[in-house]
Protein chains: 2
Amino acid sequence: MSNSDKALSFAIKARAGTARAGLLRTLHGDIQTPAFVPVGTKAGVKGILPEQLRALGAQVVLANTYHLYLQPGEKIIEEAGGLAKFMGWEKMTEDGAKHGPTMTDSGGFQVFSLGAAFGRTITKIAKGEELTNEQAENRRVSVYDEDVQTKHGQLAVIDDEGVTFTSHLDGSLHRFTPERSIEIQHALGADMFFAFDECTGPTEPYEYQKEAMRRTHRWALRSLKAHRQNLAANRAQSIFGIVQGGRHEDLRSESAQEIASMDFDGFGIGGSFSKEDMHGALEAAVKYLPEEKPRHFLGIGEPGDILTGIAQGMDLFDCVAATRIGRHGTIYTKRGPINLTNEKFKNDFTPLDPEVLVPGTESFTRGYLSHLFRAKEMLGPIIASMHNVGFIIQLVDGAREAILNDTFEQYRADFMRDYYA
Amino acid sequence: MSNSDKALSFAIKARAGTARAGLLRTLHGDIQTPAFVPVGTKAGVKGILPEQLRALGAQVVLANTYHLYLQPGEKIIEEAGGLAKFMGWEKMTEDGAKHGPTMTDSGGFQVFSLGAAFGRTITKIAKGEELTNEQAENRRVSVYDEDVQTKHGQLAVIDDEGVTFTSHLDGSLHRFTPERSIEIQHALGADMFFAFDECTGPTEPYEYQKEAMRRTHRWALRSLKAHRQNLAANRAQSIFGIVQGGRHEDLRSESAQEIASMDFDGFGIGGSFSKEDMHGALEAAVKYLPEEKPRHFLGIGEPGDILTGIAQGMDLFDCVAATRIGRHGTIYTKRGPINLTNEKFKNDFTPLDPEVLVPGTESFTRGYLSHLFRAKEMLGPIIASMHNVGFIIQLVDGAREAILNDTFEQYRADFMRDYYA
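Residues numbered from 1 in each chain as written. Chains lettered and ligands numbered in written order. Predicted model: local features only at pLDDT ≥ 70, side-chain atom pairs only at ≥ 80, totals over all residues.

1. Notes on the overall build of chain A
Item 1. Along the backbone of chain A there are 18 helices and 20 strands.
Item 2. Once local pairs closer than 6 in sequence are excluded, the contacts in chain A between residues at least 24 apart make up 69%. (Helix = DSSP H or I, 4+ residues; strand = E, 2+ residues; numbered from the N terminus. Contact = placed C-beta atoms within 7 Å.)

What follows is the structure, given as structure tokens:
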């Protein structure tokens, strides 16, 4: 298809080394990159309303295919007019256009983690088994049984066609294939979504990482084909391929070359590596990705890691950490994270971070939030989540400005010096 | 003191029968009455930020003396600059004035209910006993013991000087007198606060209601004296006396005459009566209250009850119901309350109440909230609470408009017909 038919366009506006500042255009509005993408797992960023997200500077929101498939079900969201409209993030602009870019991940990560591990009871299944839900019901066991935990890998059963897994909500049996994941993501209707991939744990052995990566490549092709064959969806939505390969640089390079050779609209890099391996694994992958397409670093939200990603040429970042740590009383500050439930903040009436004021939270003090968390008031998690999302957005916005001004390396060095002092 | 020295002024702008529309001026801004006062028990309206409250039309917020005394302690709030500033409700206006009117109740209601009933463990004390906290600690019992529940009345022990009670947080022993309640409320620094009263349950016998009422009158005088003697507080804050007397019209009349004879800046009517007795008890009291001072109906929030109160000449209303029922999935609509967790709302993509759009919640549908509540997402309680507070504010604002236009009885009749159809 010609470029003008695409639902997405991307143009690089400035470079600073391998870092780049770009403009990503979706049918629901523009995104200045690099950009932080707040996560609204279940079609809502926890504790933050869409209007507040806009005020915080959010340009795009990412929701989760696995969660929305299970609850409320993709049909409900389709009936509501798609994810952006369902969650109240879509907004009419003055010229009558619909604004509110969205993304969905493929559900791969959650199928392999939540689907298998976090339910109160789950169904034990073995490779090759086909169970009815009734049979599955009779085989429910507590996920906390030692026996089950040691057989963890058996709870989401992978074959070359797809993966069979149990719902973390009720233990019911489900199956995702690349085609099914794409079908669900078409119903959800996000501007950008991801190919279905197999997410391995960073501790899996090399041979298994390679096997899973190659399966991910086959699933990427099937995901891409399923999308391109749906002409209506293809006009409205864009698909990103995912590079896997764990912490191994050779696998990351192989995966990047393979995925880059496919006609994806953008690329994601799956975050299955430990912190110390991130730089190398990322570098090994990024160099093979086409310059002219957007790149999303999946599940990365630690401030320093985001700046590392930007330095290496990544454009988009999503992570639940900002809201998750906020709900537990920890906020980012320019001088590193602090936990407001600490006794010393009880009568500290300075702003949350005197050096980084976040729109909508400027009037609150550390002492007030310390009280709210002690008193178990909802406003504590709400305000801390807003602060953290705003903090990360400002960090990434600052990086974009610095790239445009060609001062990015200084910006990064300054931030790292203060934050990790 | 001359009227110009007062921290509060009140002027009636229009009447419709006994209903009235007025202007209440505090040192932190004006309040158009009748007005609904959202409750921020622990210095925060549950789930709603100060800026959102303003957008909903809230003019004043009420917090709770008992809760704030226990946590974080009134000294912390005083050090923070007072309640309005502590909770981020105080705002600088363009001309440099501080805006954000606040009220505190006296703690009486909570001392007698929460202090006695809801703690996980409490200390058993008998009339006349004086315990150290250490002794109290040794006498801790579970509040759920049948033995304790039947001796409920012994857990907050009243004498003519004050009341000794146990904290619902940790079972520690505390004592409030009228003078101590006023001292705490001076530290909290709200524009308007209440005299310390004894709150009886509506089922207490007549003789006890009378005894408690007369004690409340003595405590009212002591509260008033404690306030007027503190010249600085007296210049900054105003004190409201509370009429008690349960459901008995003769006691309500006696109490109103007695409290009205004292130099209070305004008056509260305590809500210790059942729904069917409300109208008579209110009427028996209101006729003895001076026309020119504001009247607050304590703890009344049911839409019909608010309109009854307005019709009878009440000016201010506070209630936790709007946020409490909202947190559990129930929203007010013009056609009566609905519970959004009901199956039938799953794919109902109409606004929360198509007839009453509330600022900040217009973009959300019943189906979306139904999903949020099922998925246990914080946004469910947040949006439902906003809707309900906005709904009640619009109801009361509409009543004010109707009084000004002399159409109040029609307004009330129309609302009651639709809401209770």
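2. Remarks on the interface of chain B and chain A
Item 1. Counting residues at the interface gives 33 residues for chain B and 33 residues for chain A.
Item 2. Taken together, the elements giving at least two residues each to the side of chain B that touches chain A come down to α1 (50–56), α3 (74–80), α16 (366–374) and α17 (379–404) of chain B.
Item 3. In terms of residue class, the side of chain B that touches chain A is made up of 16 nonpolar, 10 polar and seven charged. (Nonpolar A, V, L, I, M, F, W, Y, C, P; charged D, E, K, R; others polar.)

3. Details of the relation of the copies chain B and chain A
Item 1. If you rotate chain B by 180 degrees and push it 0.0 Å along the axis, it lands on chain A with an RMSD of 0.0 Å. Here the transformation between the copies is reduced to the relation of a two-fold axis.
Item 2. A shared interface surface links the copies, since 100% of the contact residues of chain B are contact residues in chain A too. (Least-squares fit on C-alpha atoms with pLDDT ≥ 70 in both.)

4. Regarding the pairing of strand β2 (residues 19–26) of chain B
All names here are of chain B.
Item 1. Counting buried positions along β2 gives six out of eight residues, so the element sits mostly inside the fold.
Item 2. Two elements, strand β1 (residues 9–16) and β2, share seven bridges in a ladder whose sense is antiparallel. Residue pairing for β2: F10 is matched across the bridge by L24.
Item 3. Sheet topology places β2 next to strand β3 (residues 29–33); five bridges connect them, and they run antiparallel. Bridging across to β3, L23 finds its partner in Q32.
Item 4. Between the antiparallel neighbours β2 and β3 lie two residues. (Buried ≥ 20, exposed ≤ 12 C-beta atoms within 10 Å, placed from the backbone. Pairing = 2+ DSSP bridges.)

5. Details of the domain arrangement of chain A
For an interface, size is often stated in terms of accessible area lost upon the parts coming together.
Residue and element names in this part refer to chain A.
Item 1. For chain A, the assigned domains read domain 1 (23–111 + 174–319), domain 2 (112–173) and domain 3 (324–419).
Item 2. Contacts between the two partners involve 15 residues from domain 1 and, on the opposite side, 16 residues from domain 2.
Item 3. Residue assignment for the side of domain 1 that touches domain 2 shows that the elements contributing at least two residues are α2 (65–70), α5 (108–112) and β13 (173–176).
Item 4. Broken down by element, the side of domain 1 that touches domain 2 gets its largest block of residues, four residues, from α5.
Item 5. Here the residues of the side of domain 1 that touches domain 2 sort into seven nonpolar, five polar and three charged. (Domains from an automatic or database assignment.)

6. Quick look at the environment of P178 of chain A
Item 1. One can find P178 of chain A in helix α9 (residues 178–188).
Item 2. Through-space distance from the C-alpha of P178 of chain A to that of I259 of chain A is 15 Å; in sequence the pair is 81 residues apart.

7. Some words on helix α9 (residues 178–188) of chain B
Residue and element names in this part refer to chain B.
Item 1. By the criterion of burial, α9 is predominantly enclosed, with eight of the 11 residues buried.
Item 2. The set of residues buried in α9 consists of P178, S181, I182, I184, Q185, H186, A187 and L188.
Item 3. Residue G189 follows α9 closely and has a positive phi angle near 75 degrees.

8. Focus on the packing of helix α12 (residues 249–260) of chain A against helix α13 (residues 275–286) of chain A
For any two helices packed against each other, the geometry comes down to the angle between their axes and how far apart the axes lie.
Residue and element names in this part refer to chain A.
Item 1. In the contact formed by α12 and α13, the axes pass within 7 Å of each other and the chain directions differ by 30 degrees. In terms of orientation, α12 lies roughly parallel with respect to α13. The interaxial crossing formed by α12 with α13 has right-handed handedness. Contacts between α12 and α13 involve E249, R252, S253, S255 and A256 from the former and G280, A281, A284 and A285 from the latter.
Item 2. When grouped by side-chain class, the residues that make up the contact of α12 with α13 number four nonpolar, three polar and two charged. (Axes fitted to C-alpha atoms, helices over the stretch in contact; angles between N-to-C directions. Parallel < 35°, antiparallel > 145°, perpendicular 65-115°, else oblique. Left-handed = near helix turned anticlockwise from the far one by under 90°.)

9. Things to note about α13 of chain A
Residue and element names in this part refer to chain A.
Item 1. Here α13 spans 17 Å end to end across 12 residues, near enough to the 16 Å set by a 1.5 Å rise per residue.
Item 2. Within α13, the full set of buried residues consists of M278, A281, L282, A284, A285 and V286.
Item 3. Buried residues along α13 sit in contact with β15 (238–243), α12, β16 (266–269) and α14 (303–311). (Expected span 1.5 Å × (residues − 1).)

10. Quick word on the sheet that holds strand β8 (residues 102–105) of chain B
Two modes of strand pairing occur in sheets, parallel and antiparallel, and in both the strands are linked by backbone hydrogen bonds.
All names here are of chain B.
Item 1. Within the open sheet, the eight strands sit side by side as β4-β18-β17-β16-β15-β14-β8-β5. Their pairing is parallel. Bordering the open sheet on either side are β4 (35–38) and β5 (61–64), each of which pairs with just one other strand. With strand direction ignored, the average angle separating the axes of adjacent strands in the sheet is 25 degrees.
Item 2. Pairing between strand β15 (residues 238–243) and strand β16 (residues 266–269): four bridges, direction parallel. Counted as the bridge partner of F240 is G266 from β16.

11. Examining the sheet that holds strand β4 (residues 35–38) of chain A
Residue and element names in this part refer to chain A.
Item 1. Strand order in the open sheet made by the eight strands is β4-β18-β17-β16-β15-β14-β8-β5, with parallel pairing throughout. Looking at the sheet topology across the chains shown, the edges are occupied by β4 and β5 (61–64). If you compare each strand with its neighbour and ignore which way they point, the axes differ by 25 degrees on average.
Item 2. Across the sheet, α12 lies against β15 and β16, angled at about 155 degrees from β15, the strand it touches most.

12. Structural notes on the packing of α16 of chain B against α17 of chain B
Residues and elements named next belong to chain B.
Item 1. Axis separation between α16 and α17 bottoms out at 8 Å; the angle between their running directions is 135 degrees. By the angle between their directions, the pair α16 and α17 is classed as oblique. Contacts from L369, L372 and F373 of α16 reach α17 at L379, G380, I383 and A384.
Item 2. The class makeup of the residues in the contact of α16 with α17 is six nonpolar, one polar and no charged.

13. Topic: unusual backbone geometry
With the exception of glycine, most residues fall at negative phi, and the peptide bonds are largely trans.
Item 1. Here the bond from Q71 of chain A into P72 of chain A is cis, since omega is 10 degrees, no more than 30 degrees from zero.
Item 2. With respect to the helices and strands, the residue P72 of chain A is situated in the loop between α2 and α3 (74–80).
Item 3. The phi dihedral of K376 of chain B is positive, around 55 degrees, even though this residue is not glycine.
Item 4. Topologically, K376 of chain B is positioned in the loop between α16 and α17.
Item 5. In this model, D406 of chain B sits at a positive phi of 60 degrees, which is unusual for a non-glycine residue.
Item 6. Relative to the elements of secondary structure, D406 of chain B occurs in the loop between α17 and α18 (408–419).

14. Re the environment of K42 of chain B
Item 1. Along the chain, K42 of chain B turns up in the loop between β4 and α1.
Item 2. Distance in space between the C-alpha atoms of K42 of chain B and A322 of chain B is 16 Å, their sequence separation being 280 residues.
Item 3. Apart from residues lying up to four places away in sequence, K42 of chain B is in contact with A375 and E377 of chain A together with N64, H67, L68 and Q71 of chain B.

15. Here we look at the environment of C199 of chain A
Residue and element names in this part refer to chain A.
Item 1. Within the secondary structure, C199 sits in the loop between β14 (192–194) and α10 (206–229).
Item 2. Look at C199 and you get buried, because 22 C-beta atoms sit within 10 Å.
Item 3. Considering only alpha carbons, one finds C199 and L62, 137 residues apart in sequence, at a separation of 18 Å.

16. Here's the deal with the confidence of the model for chain A
Item 1. Per-residue confidence for chain A gives a mean pLDDT of 89; residues scoring 70 or more make up 88%.
Item 2. For this predicted complex, the interface confidence score (ipTM) comes to 0.91, while the overall pTM stands at 0.91. (pLDDT = per-residue confidence, 0-100.)

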